[in-house]
Amino acid sequence: MTSSTAPGDTDSPATALGPTALILGAFSAVGTWAFLIPWTVLAGALAVTFGTMGLHYARKGTGRLWPAAAGTTLGAIGLIGTITLIWSLA
């Protein structure tokens, strides 16, 4: 790996949107089945929001596309799974 992982002069906080969405989306998708319902709804909604913003900035050249897309997908899966679980209990 020849490139440095240290932040550069042109980096912006938008580069953290994709990885943040990925972590929140993974927590949301796994937390649904562990019955951590209030936290999974919040994490899923934030993952979808941060992932969508990450996709926007990645298409402009800031940040990476795959963590933002994966985080958005996992967040949507966790959010929809939690809503489905709550709806089936009601």
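Definitions and limits used
- Residues numbered from 1 in each chain as written.
- Predicted model: local features only at pLDDT ≥ 70, side-chain atom pairs only at ≥ 80, totals over all residues.
- Heavy atoms only, no water.
- Axes fitted to C-alpha atoms, helices over the stretch in contact; angles between N-to-C directions.
- Helix = DSSP H or I, 4+ residues; strand = E, 2+ residues; numbered from the N terminus.
- Parallel < 35°, antiparallel > 145°, perpendicular 65-115°, else oblique.
- Left-handed = near helix turned anticlockwise from the far one by under 90°.
- Contact = heavy atoms within 4.5 Å.
- Expected span 1.5 Å × (residues − 1).
- Buried < 20%, exposed > 50% of the residue type's maximum accessible area, 1.4 Å probe, protein only.
- UniProt positions renumbered as here; feature names shortened; annotations may be inferred.
- Nonpolar A, V, L, I, M, F, W, Y, C, P; charged D, E, K, R; others polar.

Quick word on the packing of helix α1 (residues 17-33) against helix α2 (residues 37-59)
Okay, step 1: Two elements in contact, α1 and α2, have axes separated by 7 Å at closest approach and are oriented at 150°. Here α2 runs roughly antiparallel to α1, going by the angle between their axes. Along this stretch, α1 crosses α2, giving a crossing that reads as left-handed. Of the residues in α2, those touching α1 at Leu-17, Thr-20, Ala-21, Leu-24, Gly-25, Phe-27, Ser-28, Gly-31 and Thr-32 are Trp-39, Thr-40, Ala-43, Gly-44, Leu-46, Ala-47, Phe-50, Gly-51, Met-53, Gly-54 and Tyr-57.

Quick notes on α2
Okay, step 1: For α2, which comprises 23 residues, the first-to-last C-alpha distance of 32 Å matches the rise-based estimate of 33 Å (1.5 Å per residue) to within 8%.
Okay, step 2: When we look at burial in α2, the residues that qualify are Thr-40, Ala-43, Gly-44, Ala-47, Gly-51, Gly-54 and Ala-58.

Looking at the UniProt feature "transmembrane region" (unreviewed entry) in the chain
Okay, step 1: Under the UniProt annotation, the feature "transmembrane region" (unreviewed entry) is placed at residues 20-53 and 65-89.
Okay, step 2: Along residues 20-53 one finds 91% helix and 0% strand; the C-alpha atoms at either end are 11 Å apart.
Okay, step 3: With 100% helix and 0% strand, residues 65-89 has its two end C-alpha atoms placed 36 Å apart.

Remarks on the packing of α2 against helix α3 (residues 65-89)
Okay, step 1: Remark: α2 packs on α3, axes separated minimally by 7 Å, with the N-to-C direction vectors making an angle of 150°. For the element pair α2 / α3, the angle class is roughly antiparallel. Judged by the twist between their axes, the crossing of α2 over α3 is left-handed.
Okay, step 2: When grouped by side-chain class, the residues that make up the contact of α2 with α3 number 14 nonpolar, nine polar and one charged.

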